Amino acid sequence: MRRTVAATVTLAVASTTLTACFEESSPHDAIRDFLVGWQSEDYDLAAGRTDGDHATVRKALSDAKLELDAASFRFKIQRVTVNGAESKADFRAEVDLGENNPLWVYHSALPLHLVDGRWKVRWSPSVLHPQLKEGQRFAVDPEPNPRRPVVDRNNDPLQSEAYLYVVGVFPAKLGDQVEEVVAKLSEVTGYAQDRLLSRIRSSPPDKFVQLVTFGQSKYDSMKSRLAEIPLIKTDMVPQPLDPADPKQIVGKVSALTPQSEQKLGGPQRAGDSIGQSGLQRAYQDYLTGSTETRVITLDLKTGKQAALLQEWPGRQNVSVTTTIDSAMQAAAERAVSETSTSALVAVQASTGEIRAVSTRGLHQEKDALAGKFPAGTAFSIVAADALIKGKFNVKQRLACPSERTVGGAKFVHASPVPSATFQDLFARGCVTALASLARRVSAADLTDSAKAFGVGEQWRLPLKSFSGSMPSLASDADKARAIAGESVQVSPLTMALMAGAAASGTWRPPVLVTDPKPPAPSADSEPAPPPQPVAVDPKVKQALTAMMRAGALNTPAQAGRAKVYGIKATAGGGMTWFVGWQGDVAIAVLTKNYDASAVAGGFFSALGNTQ
């Protein structure tokens with residue numbers, strides 16, 4: 001986005017005061033008129049204050065703006081010296097090169113002398129810049145860098161290359177057809193004619209100038225119309241565009257359009273690509289081709305560079321390194337392949353790093369990471385933490401009736417048993433037995449345990465995510481509903497981290513990107529500090545390990561030889577959970593009208609075949 005030009009300048013604002021300080025014969029009026037005229041594009045005013053041919057001066061000033069593709073010039077007088085009929089005005093120039101390049105700042109001087117009693121600027125090209133000489137012009141030489149990839153934990157790309165079609169020109173070949181070519185290209189593509197023209201005129205004549213970018217389908221639809229435009233050239237540029245699994249986490253990329261160029265500003269130019277979703281969008285400013293920019297002078301006869309006036313390296317673009325494990329992601333894709341509605345999130349229990357996200361009929365970001373689903377009886381992990389810390393004996397026997405009412409809240413279990421230990425009923429997911437324990441735990445303890453397992457924590461991920469929520473617990477009925485997971489909302493990511501805490505003995509916040517590191521927060525934003533790891537009580541971990549081993553036995557989750565730990569839980573509406581782990585891999589599976597433990601078993605089985 002180009003900065004707009006203010007019609008008045010520091011010099012003009014100060015002119016009244018300064019004029020009062022000088023006699024009629026001072027050079028100040030000439031200095032003011034020349035610089036104000038140059039800045040405000042009143043080239044007649046500026047030329048009238050020089051001793052040069054007015055048409056030549058007007059053209060030189062106008063050409064300088066075009067050759068630099070400048071959005072604005074600003075000037076500030078720093079010192080004026082007078083020595084008889086000679087004078088010199090030192091000034092600072094600030095040139096906005098547009099395209100969100102840095103300001104080009106340089107210092108120069110206006111030589112003046114008296115001509116027939118009036119002060120005039122002694123005209124030469126060096127008035128515009130000390131290093132600009134006769135037979136030379138300005139030019140801006142950009143050098144774009146290609147988009148960098150999003151990669152997995154092993155530095156393998158999570159997208160394959162596809163081609164962008166970049167249409168451009170060699171300015172020297174256009175001759176007097178430049179405006180005709182630009183008009184036709186603008187009509188076909190929708191890019192502003194003046195922007196295309198200014199890019200051409202500001203570029204070195206023998207360098208290919210990228211003007212417009214198309215993806216494959218857009219290019220195919222315009223190919224015949226583009227072929228009718230003379231003197232343009234199309235380059236096929238490979239870019240890391242097509243996402244691999246997890247596709248919705250990696251995100252989509254498109255070619256730069258007139259609309260996205262206007263909206264984004266920044267370093268984007270023709271030839272660049274724009275992240276539309278996922279990590280491609282979240283890390284657009286890191287991945288995008290950053291542009292190195294050089295301001296130079298060119299010899300008009302040879303077209304070669306005469307001098308380098310200023311250069312900016314641009315922001316270095318970098319790859320984005322994720323925690324995704326491609327082999328584990330492939331196992332997750334196979335595991336959910338036969339379902340119609342499911343989500344699987346796998347994390348490394350010992351670090352909280354997200355290893356795989358796979359869905360069918362749900363969105364990987366909006367549902368697997370940020371979805372809000374009833375926790376169901378999988379929330380008994382939290383209830384067990386609060387109960388055991390309160391000295392509850394997990395070997396105590398409880399009834400598991402088909403129905404039970406707690407504080408006016410009714411609960412139903414489809415497979416009642418007369419009596420069993422809490423450990424056994426935990427594994428069975430007996431909601432009536434679990435709800436009956438509401439009177440054995442305080443609201444504060446239950447809330448504290450939920451927080452210790454990450455529910456409601458303000459973790460930081462570059463994509464949308466949901467850590468869970470639990471309402472205030474004012475009665476036994478409220479506590480019973482929470483223990484049964486009816487009033488608690490979680491995402492599959494929340495539950496995978498909960499399983500990781502039970503497996504490793506420490507709850508850890510999730511990690512999806514390891515490099516680049518998140519930018520430092522601004523001083524005025526002061527975001528809440530990220531949550532710290534929380535150790536699980538050793539007695540709780542021991543009990544959960546035993547209960548979740550029992551919960552996985554005799555279920556499809558135990559598909560391989562390595563031990564699987566977990567619980568199968570109902571969440572209403574045909575939804576079921578499996579929350580558990582094998583080794584250092586913790587998972588949460590949510591399915592509809594399908595056995596979640598079977599998906600877990602398929603994942604662990606496929607994972608075993610890749611290791």
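Summary of the structure given here. (Residues numbered from 1 in each chain as written. Predicted model: local features only at pLDDT ≥ 70, side-chain atom pairs only at ≥ 80, totals over all residues. Heavy atoms only, no water.)

**Focus on the overall build of the protein chain**
Here's step 1: A count of helices and strands for the protein chain gives 23 helices and 28 strands.
Here's step 2: Here the C-alpha atoms of the protein chain give a radius of gyration of 34 Å, more than 25% beyond the 25 Å that 2.2 N^0.38 yields for 611 residues.
Here's step 3: Residue burial in the protein chain is summarised as follows: out of 611 residues, 53% are buried.
Here's step 4: Counting only contacts in the protein chain whose residues sit at least 6 apart along the sequence, the fraction spanning at least 24 positions is 66%.
Here's step 5: Accessible surface computed for the protein chain: about 26,600 Å², of which carbon and sulfur atoms make up 50%.
Here's step 6: Computing the positive centroid from 67 side-chain charges and the negative centroid from 62, the protein chain places the two 9 Å apart. (Helix = DSSP H or I, 4+ residues; strand = E, 2+ residues; numbered from the N terminus. Rg over C-alpha atoms; globule rule 2.2 N^0.38 Å. Buried < 20%, exposed > 50% of the residue type's maximum accessible area, 1.4 Å probe, protein only. Contact = heavy atoms within 4.5 Å. Areas by Shrake-Rupley, 256 points an atom, 1.4 Å probe, with all protein chains shown as cover. Lys, Arg positive; Asp, Glu negative; His and termini not counted. Charge placed at Lys NZ, Arg CZ, Asp CG, Glu CD.)

**Topic: the packing of aromatic side chains**
Here's step 1: One pass over the full model with this rule turns up 16 aromatic pairs.
Here's step 2: Ring geometry for Trp104 versus Tyr106: centroids 4.7 Å apart, planes at 40°, classification tilted. Summarising the burial analysis for this pair, Trp104 and Tyr106 share the class buried.
Here's step 3: For the cation-ring pair, Lys372 lies above Phe466, with the distance from its terminal atom to the ring centre recorded as 5.0 Å. (Phe/Tyr/Trp six-rings, centres within 6.5 Å; stacked < 30°, edge-to-face > 60°. Lys NZ or Arg CZ within 6 Å of the ring centre and 35° of its normal.)

**Observations concerning unusual backbone geometry**
In most cases, non-glycine residues show a negative phi, while peptide bonds are predominantly trans.
Here's step 1: Residue Pro246 is bonded to the preceding Asp245 through a cis peptide linkage, with omega at 0°.
Here's step 2: One can find Pro246 in the loop between β9 (233–243) and α10 (247–250).
Here's step 3: The omega torsion across Asp515 and Pro516 is 5°, close enough to zero to call that bond cis.
Here's step 4: Locating Pro516 in the fold gives a position in the loop between β24 (513–515) and β25 (534–535).
Here's step 5: Here Leu231, not a glycine, exhibits a phi torsion of approximately 70°, which is positive.
Here's step 6: Tracing the sequence through the fold places Leu231 in the loop between α9 (216–226) and β9.

**Re the nonpolar core**
Here's step 1: With 94 residues, the main nonpolar core has Phe422, Leu544 and Trp577 as its most contacted residues.
Here's step 2: Residues within four places of Leu544 in sequence aside, it is in contact with Ile381, Ala384, Phe426, Phe453, Ala502 and Arg549.
Here's step 3: Judged by nonpolar contacts, the second largest core, of 36 residues, contains Trp38, Leu68, Tyr106 and Leu132. (Core = buried A, V, L, I, M, F, W, Y, C linked by side-chain atoms within 4.5 Å.)

**Structural notes on the sheet that holds β24**
Here's step 1: Within the open sheet, the 3 strands sit side by side as β6-β14-β24. Their pairing is mixed. Edge positions in the sheet fall to β6 (150–151) and β24, since each of these pairs with one other strand and no more.
Here's step 2: Of the strand pairs in this sheet, β6 and strand β14 (residues 320–322) are connected by 2 bridges, and their pairing is parallel. Following the sheet pairing, Val150 is matched in β14 by Val320. (Pairing = 2+ DSSP bridges.)

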